[in-house]
Each structure stands twice: as C-alpha cells, then as structure tokens.
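Chain and residue survey
Letter by letter, the chains look like this.
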Amino acid sequence: MKTLNNYLATDEEKQWILSQDQLTHLSEGVIETLFSLGNGTLGTRGTSGYESDLTQPECEGTYINGSYSRETIEYDESAYGFAQFNNKMMQAFNTKTIKISSENEIFKPYNLGKRHINLHQATYHEVIQLHTDSGKKIVLHITRLVCQHQQNTMINHYQIEAVNFTGKLRITSSIKASDSTNQNGNDPRIGNLSILDKLKCVESLSTPEYSFLMHQLSAPKSLMIVATSHQFEQHSNYMNTSSYSKNTLTEQFEVALADKRVTFTKYSLYLCPQTLTSANPQQHAQVCEQALITQAREELLCVKNLGYQENLQLHQQLMNKFWQDSDVTIEGNDQHQLAIRLNMLHLTMSAGKDGQRNIAAKGLTGPGYDGHYFWDSEIYIIPYFIYTQPNVAKSLLSYRFNGLAKAKSRATEMGHQQGALFPWRTISGEECSSFFPAGTAQYHINAAIAYAVRQYFKASDDWQFIWDEGAELVIETARLWPSLGHFNKNNDNQFCIDTVTGPDEYTALVNNNYYTNSMAKIHLSFAIELIDKLRANDESRCKLLLTKLKLSVEELNVWQEIVDKMYLPHQAEKNISPQDDSFLDKKPWDFHGTPKDKYPLLLNFHPLVIYRHQVLKQADVILANFLQDDEVDIHLKRNNLAFYEPITTHDSTLSACTHSLAYSETGNHQAAFDYFDNTVLTDLNNLHNNSHYGVHTAAMSGSWMCITQGFAGLRIRDNYASFQPNLPKQWQGLRFKLKLLGCQVQLTLSRGQITYQLLSGKQFSLKHYQQEYLLTELEPTLQIAIDED
Ligand code: IFM
C-alpha cells in the first residue's frame, strides 16, 4: 500500500489528481470549493487540516444535506402568500483542524507544501512543513475522506515526521464552530449559513474514548451532535485539560515520537435528525438527547473499531465501483478529461441517496443559495444519474414525492383547488423564495419534476417506482395547470397561462412563456399516456390509484383539451417562437454599449430595467426546443437558436450547456464544442467568478449531457436508444458507459469509428442514425465506420 510519504503518482494516476499546482490561476476560496469532499449526506470544504494564521480558510464549512435551520423572512412590505420562512442548509462544526506543539512551543507552517485531491479515491491530501521558533522541524501529512460507506462520518488521518529532533509532541484537536461566510450584500447568490445564534449547546463531553458537542437548534426544534474519537498508532496520553468555550471543544494528547513519527486518525461523526420532508412526521419525532448520544457513540466507535486502513478500503471499493460504472474518458484534451471527472465526482458526492434529501445547486461545497434545491435537480442533474446511478435518480425523485403534502398545501395557499405546487427553492419542501417574480412565479418547476419522472421511467422501466410514487407525483403536479391557465376567448379559445416566469430570469411575470406552455403540454400528455399505460399494466390497481387520487374522467378530458389547445407563441414571418406574448415588442438591449464589467447584469441593473429589454440570462425557448425533442421541426429550432443566441448573456451557468446541446442537435459542431468547453470548465476555471461559494452542479451535470446527449446524440425512445454520434474534431477519442433498459452499454468513439458494446443485460436495441441494431449476449459488440467531413 502506498503511503503519502512515498506517494509518486504514475501517469495513469496523474489523470486522477487535481493538485494545487494546477490551480495557480484560482483563489484560495475556489480551491477550497474544488477540494471539497462529500457523500450526499455530509460534505466539507477542502480547507487546511492545520490551524494557523497562514492556513486560515477563506470560507470554512461542513454541511449536512437535508438538515436546515428555519428562519423567518423579514419583509418590510409583505403580501398574502409570500414565502414566510427561509431554510438554511445546516453548517455543522469543524473537526478537521489540529495544532501541534513541543515543550510549549507551537509549530507554525514555513512551507505550505502541496494539497491535492485524488478524484478516483475521493480523498483530500495535504503536506505542510512546520517549525518552532527554536528550530524544530516536522512534516505533517493529512489524508481526509468523507466516507462513502458510512454516511455520517468523516475521517482525517495525520502522519507527523520529525525532521531534526525527537521527544514528545502535544496534539491539540478541536470541534469548533465555523462562522465565516463573507457576505457581499449585493449578490443574491452568495448564501450565508451562519446559524450560530440559533444553536444552544445542551451538552458536551470529553473522554479518552470519545467526545462530543450537542446543540439544540431553535427552528425546527432539533438536535445536532458532532462527536469525535482519536486513534493513535503510538502510545498516547489523553491530557485532562480539555476545555469547552465559545462553541469550541478542545482536547489535548501527548505522544512520544517513535522512530521520529506520530500517526493518528480522527473520526468525526455528525448527526442532525430533523423532521425533514417525510410524509409521516411522526417517524421523525424529536429524538431525545440520550438516544442521540448513544447512537452517535455507537456509530462512531463502530467506524473507529474498523481502523483507518479498513475504512479507507471500504470507501475505495465504493469509489472503484462508481468509476467503473460511470467514468468518461476523453483523448485529446487533458483539461477536459480532468474537468469531467471532477464534475462527475462532485455530483455523486453531493446527491442525497435516501429519498430524504436532494442535491443543492452548489452541492455540498459551499454556502451559495443557502444550500437550496431548485429545478436544476430535475432538468439538469437527474439525467446524469438516470444513466449512471439510476438508484440515485430514483431517490432524488422520491425526495419530491415525500414533499407532496407540502406542495399540495402550497397549491391551496396559492389559490388552486387541486394539485400540488412545488417550491422554487427549498430544503424542507416549503417555498423559500423571497423574490416571487423570479421565484414562485417559475411554475415550470412542476413540469420539470414530471419530465424527470418521464425520463427516468423511459430509461429504467421501473414499474415499482411508478406505481408507488411516480404516477402520483406526475398526476398531482399535472392537476395544477387547468387552474393556472384558461381557455382564452381573445386567443381562439386556446389555453393560455398568464403571469408566470420562465427559466430566463431576465424576463419576469409574462403571459404565455413559450417554455412553460410547452412543458405544461408535455406534462399533461405524459400524465394521460401514463394512466393509459398503468391501466394496461394492471387495470384494477390503476382503478384503485385513480380512486385514491379522486381523478375523474372529466378531469382527464380537460387535460386532453388543454393538450390539444395549448397556445405556443409563434411568429410566422420569421418562423421563430417568441419567448412570451410581449417579448418581441420590447426594446433590444444595448449590448455594444454594455461594458464587460457590467456582467452579470443582475449585479449591475435593477430587475425592472432588465425586464423591459430583449435580453436573456439563460436559455428559455432553446431549452424548451431541446426537451421537446423530435416534436419540433429542426428548422424552427435553428431559427430560434439564431435569434436567441446573440441576445443571451449566459449569466446563468445553466445556459451554456443548453446551447451546446442545441448546437449538437442542429449540426453546428464547432459551436457545440465551444459551449461545452464553457460548461465543463465552469468551476475548474472559475468562469463565472463565483465558484468560491460553491460549485455549479447543474453545469457539472450539463457537461456530461453535452457529451452523451450532445456529441453522441443519445435519446431514449420507447424500448430503444438512439444515437447520432459526432466525435469533436478536437478530440481523438471518447468513451463512456450508460445504464438503460436493464442493460449497461459502452460507447467508444475514435476517429472514423464507433463501437457499441453490451456489457451487461440480455439484449439492447439501438438506432445509429436511421439504422436499427440489436446487441445480444452472443453478439455484444457492434463496430460502425463513421464518415467524417
Ligand atoms: O435554478 C437556477 C436558475 O435557473 C438560475 N439562477 C440560479 C438557480 C440555481 O442554480
């Protein structure tokens, strides 16, 4: 086994290592973001494990996904139905740092050495050279993992080598509150997770066996416990000098250097049970303090008893499996290779996997957007999981299912007699958007959820999920549309939806947003089709379900009428789709007169100024056209791209990937590649200048979509997949795997050739351009020459 002391990466290994040396163009805050680790439940920023003035983090943070603090939103001018409470992702205590001293002299860094993360292993590594004023020198190696095999646990492993002395070392180790989000008052995207004033310490303990801090959170009333335990390889003495003050528990250990070394591991366990989004709040009744302490101790000591190496192995086994199933290899551009792996890793490290938590727009890597979940999950992120880790896709959808009760009461509050209205941004399931024009007004979130169910079902054929949760989710969300819109006598009795905001947040509160209307139409026709399928699959069960949901034939007929009469704006002269009823009448934005430093516009112009102009923050009609798939004529798609692309600022990171997908679909491969480049490097190159407060998970997943659904042209059809591969001319090769229709297939593209290979499953039907093929266990491989122009 390689230890860090003798770690010399091979060329193959280097492709998996993201080191500080490669990131000299980035600030410390961005590096901390990129070096974050997580497992979907727990996440921590890649900040130093040694406490000193020189290693002060720019933004400290350890987060518990799904747990949150609930705070009243203060409005000076409120109105009926405004969101009343914000949710803030739980920022837990920092257990990563230690300090070392010898004979009362503190070691201070004189060379910060190197930090890196190993993408394959999902581990963080740091080497620091330290010395005392009197000249004693040590080298400290830190390895950190947020365990994939134990959702509540982080492990920090420390190796100390004495360079020029021997004797004893004193290790000071802490559990410490972190409260360090630098707020920029003007930027709504930077969250602030500091909740120290909401936490009251109810108990603390420090023993040689383990220690903890337990806090009570005022709202929602709940407990959070952070427990640690140390394991020394050499004999150590626990010093009876531990102290608790100002939300910091400090412990000291004295240990003799043996063969000039001290090695130890610190196990940290985080628990914060809350009501979460469960349909059955009884299940999550407040856990009593004693029970929580017992649970924390047991879980912590169980992990500790396995020891560091065993834990590392269990963690690596899961990471190996993840990469075996999901890796994308790119030949011809090392930066793209590294970036796509970084993106995929952060997605898997951030996504909740138990139906109780989702994936935040910033993952588990920073305070941005207060850790909220948006439609990003369904339109941009779930596609990646559907084809690589379908169970995760399912659990993200289950999270929404578990939020149905709250979504239904929100619909009632918003004046709808029936159905569910999902919140624009949330953790607990309640609406947390305090700016309704670009928040609650984005009703399209309902369609996004149904669209994700549709894609998941098509790719997985998972009937159990559909019966248990999916159908209800699709039906309850569909029910909202009839009362949101109306058959408009002044518009040929077509179905119109007024006063909503589409994905483009530089245009708000408009009538007949093309995207919203198209997605509502897809949603309702899928709901009708799904009910037909359920009926065909099991008539009596379907009847029971429809009875339970009180869904009548009359209601279904209304849905069909809406589908038939949905108004989709169209401008015949130019053959384009207006973004909404008023968009084309607005004044064009003066792009030539807008200097570069005025972007993003949202930080430099009042929303009303922006809303009055023809300017887009992000893809709107273009996204609709991509999701509409082959229901829209390619000429209309091309015309829309030509019209909207020049007036889109891409101030949202959700935009570039959508344009790449649209250009791939319409055959402009160079533009598709350029927009891909812009997407895949969003965080690695800090392209939006805000990665210091968290990665952009939608863009990360978007970069995977650009490759698979863009360059390879993957589309899922009923019972087969279709591909229209086009290897970017800048690359020599591309390989990726997909899970779909009960199989796993691998696509290998090289110049002039594609190989489809069935890796598991009985048989797989595919269409390569217009030609149909079948991969079987007996003939699992298909090679096809591709004409290159
Ligand atoms: O959901 C997005 C939105 O579409 C644009 N602003 C940022 C949000 C979170 O990523």
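Residue numbers run consecutively from 1 along every chain, following the written order of its sequence. Two thresholds apply to this predicted model, a pLDDT of at least 70 for residue-level local features and 80 or more for giving and counting side-chain atom pairs, whereas whole-chain, interface and lining totals are computed over all residues. Hydrogens and waters are ignored; side-chain quantities use all the structure's heavy atoms.

If you check an unreviewed UniProt entry, the protein appears there as Kojibiose phosphorylase from Colwellia psychrerythraea.

**Re unusual backbone geometry**
Condition: To qualify as a helix, a DSSP run of H or I must reach at least 4 residues; to qualify as a strand, a run of E must reach at least 2; elements of each kind are numbered from the N terminus.
Backbone torsion omega between A219 and P220 reads -10 degrees, so that peptide bond is classified as cis. Mapped onto the secondary structure, P220 falls in the loop between β15 (211-217) and β16 (222-232). Cis geometry is adopted by the peptide bond preceding P600, which originates at Y599 and carries an omega value of -5 degrees. On the secondary structure map, P600 appears in the loop between β23 (587-588) and α15 (607-611). The phi angle at D461 is positive, at roughly 55 degrees, despite the residue not being glycine. Along the polypeptide, D461 turns up in the loop between α9 (444-460) and α10 (463-478). The backbone of K550 sits at a positive phi, close to 55 degrees, despite the residue not being glycine.

**Things to note about the sheet that holds strand β28 (residues 743-750)**
What counts is decided by this rule: Two strands qualify as a pair provided DSSP detects at least 2 bridges between them. Angular values range over 0 to 180 degrees, each being the angle between N-to-C directions of two axes fitted as lines to C-alpha atoms, with helices fitted over their stretch in contact. Residues count as neighbours in contact if any of their non-hydrogen atoms are within 4.5 Å of one another.
In spatial order, the strands read β20-β27-β28-β29-β32; together these 5 strands make up an open sheet with antiparallel pairing. Bordering the open sheet on either side are β20 (329-331) and β32 (781-785), each of which pairs with just one other strand. Along the sheet, successive strands turn relative to each other by an average axial angle of 15 degrees, direction set aside. Sheet topology note: the strand β27 (residues 733-740)/β28 ladder contains 8 bridges and is antiparallel. In the sheet register, F736 faces β28, and the bridge partner there is L747. Along the sheet face, helix α20 (residues 697-711) touches β20 and β27 and points at about 95 degrees away from the line of β27.

**Points about the UniProt feature "binding site: substrate" (unreviewed entry) in the protein**
Put simply, the rule reads: UniProt positions are given in the numbering used here, feature names are shortened, and annotations may be inferred rather than shown by experiment. To sort residues, take the accessible area from a 1.4 Å probe on protein chains only and compare it with the maximum for the residue type: under 20% means buried, over 50% means exposed, and anything in between is partly exposed.
Annotation from UniProt places "binding site: substrate" (unreviewed entry) at W375, D376, K617 and Q618. Secondary-structure assignment places W375 in the loop between α5 (334-350) and α6 (376-388). Relative accessible area serves as the criterion here: at 2%, W375 is assigned to the buried category. Beyond its immediate chain neighbours, meaning those up to four positions away, W375 contacts Y380, R400, W424, H444, I445, A448, P503, Y515, Q618, L623 and L654. Inspection of the secondary structure puts K617 in the loop between β24 (613-614) and α16 (621-628). Look past the residues within four positions of K617 in its chain and what remains in contact with it is D504, E505, Y506, L602, T648, T649, H650, D651, S652 and S655.

**Focus: the packing of aromatic side chains**
Under the convention used in this document: Stacked, edge-to-face and tilted are the three classes for Phe, Tyr and Trp ring pairs, Trp counted by its six-membered ring, which pair at centre distances within 6.5 Å; planes under 30 degrees apart are stacked, over 60 edge-to-face, the rest tilted. For a Lys NZ or an Arg CZ to count as sitting over a ring, it must be within 6 Å of the ring centre and within 35 degrees of the ring normal.
Inspection of the entire model under this criterion finds 34 aromatic pairs. Cluster of aromatic residues (ring-pair linked, three or more members): Y369, F374, W375, Y380, W424 and Y515. Here R70 stacks its cationic end above the ring of F85, 3.6 Å away from the centre of that ring. The positively charged end of K565 is found above the aromatic ring belonging to F487, 5.7 Å away from the centroid.

**Side note on the packing of helix α17 (residues 634-644) against helix α18 (residues 655-666)**
Our working rule: Each angle receives one of four descriptions, namely roughly parallel if under 35 degrees, roughly antiparallel if over 145, roughly perpendicular if within 65 to 115, and oblique otherwise. A clockwise turn of the near helix away from the far one marks a right-handed crossing, whereas an anticlockwise turn of less than a right angle marks a left-handed crossing. Gly counts as polar in this scheme, as do all residues outside two lists: the nonpolar Ala, Val, Leu, Ile, Met, Phe, Trp, Tyr, Cys and Pro, and the charged Asp, Glu, Lys and Arg.
At a minimum axis separation of 10 Å, α17 and α18 run at an interaxial angle of 135 degrees. With respect to each other, α17 and α18 are oriented oblique. For the pair α17 and α18, the crossing hand works out as left-handed. Where α17 approaches α18, its residues I634, K637, R638 and L641 are matched on the opposing element by H659, A662, Y663, E665 and T666. Class assignment of the residues belonging to the contact of α17 with α18 gives a composition of 4 nonpolar, 2 polar and 3 charged.

**Digging into the site of the ligand**
To keep things clear, this is the line we draw: The criterion for a residue being near a molecule or strand is simple. One of its heavy atoms has to lie within 4 Å of it. We call two N or O atoms a polar contact when they sit within 3.5 Å, provided that within protein one can donate a hydrogen and the other can accept it, with sequence-adjacent residues counted only if both atoms are side-chain atoms. The Shrake-Rupley method, run with a 1.4 Å probe, gives the accessible areas here. Residue values count only the displayed protein chains as cover.
If you check the shell around the ligand, you find A361, Y369, F374, W375, D376, W424, E505, K617, Q618, S652 and L654 and nothing else. Take W375: an N or O atom from its side chain is 3.0 Å from an oxygen atom of the ligand. Take D376: an N or O atom from its side chain is 2.6 Å from an oxygen atom of the ligand. Summarising the interface, the protein chains cover 93% of the accessible area of the ligand, which totals 280 Å² for the free molecule. Split into classes, the residues belonging to the shell around the ligand amount to 6 nonpolar, 2 polar and 3 charged.

**As for helix α14 (residues 553-565)**
Using the following cut-off: Helices are assigned an expected span. That span is 1.5 Å times one less than the residue count. In this context, the arc is that of the directions from the helix axis out to the C-beta atoms.
Taking 1.5 Å of rise per residue, the 13 residues of α14 would be expected to cover 18 Å, and the 18 Å separating its terminal C-alpha atoms lies within 8% of that figure. Listed as buried for α14 are E555, L556, W559, I562 and V563. Down the axis of α14, the smallest arc covering the buried residues is 115 degrees, so these residues share one side. Across from the buried face of α14, at angles greater than 90 degrees, the exposed residues are V553, E554 and D564. As for α14, its buried residues are in contact with α10, α11 (480-484), β21 (485-488), β22 (494-497) and α12 (514-537).

**A short note on the sheet that holds strand β31 (residues 771-776)**
Pairing within the open sheet is mixed, and its 4 strands lie in the order β25-β26-β30-β31. Each edge of the open sheet carries a strand with a single partner, namely β25 (715-717) and β31. Put simply, the sheet's adjacent strands are angled 30 degrees from each other on average, direction ignored. Examined bridge by bridge, strand β26 (residues 720-723) and strand β30 (residues 763-768) share 3 bridges and lie parallel to one another. Its bridge partner being in β30, S722 is matched across the sheet by K767.

**Describing the packing of helix α7 (residues 390-402) against α9**
Each pair of packed helices can be summarised by the angle the axes make with each other and by the distance between the axes. Two numbers describe how α7 lies on α9: the axes approach to 11 Å, and their chain directions differ by 145 degrees. For α7 against α9, the interelement crossing comes out left-handed. Contact with α7, carried on its side by P390, A393, K394, L397 and R400, involves I445, I449, A452, V453 and Y456 of α9 and no other residues of that element. Of the residues belonging to the contact of α7 with α9, the class tally is 8 nonpolar, no polar and 2 charged.

**Observations concerning the pairing of β21**
Note that β21 and β22 share 4 bridges and pair antiparallel. Following the sheet pairing, N488 is matched in β22 by Q494. Hairpin connection of β21 to β22: 5 residues between the antiparallel strands, including D492 at a positive phi of 60 degrees.

**A word on the pairing of strand β5 (residues 85-92)**
Among the 8 residues in β5, 7 count as buried, and that is most of the element. The pairing of strand β4 (residues 62-72) with β5 spans 8 bridges and is classified as antiparallel. Its bridge partner lying in β5, R70 is registered against N87.

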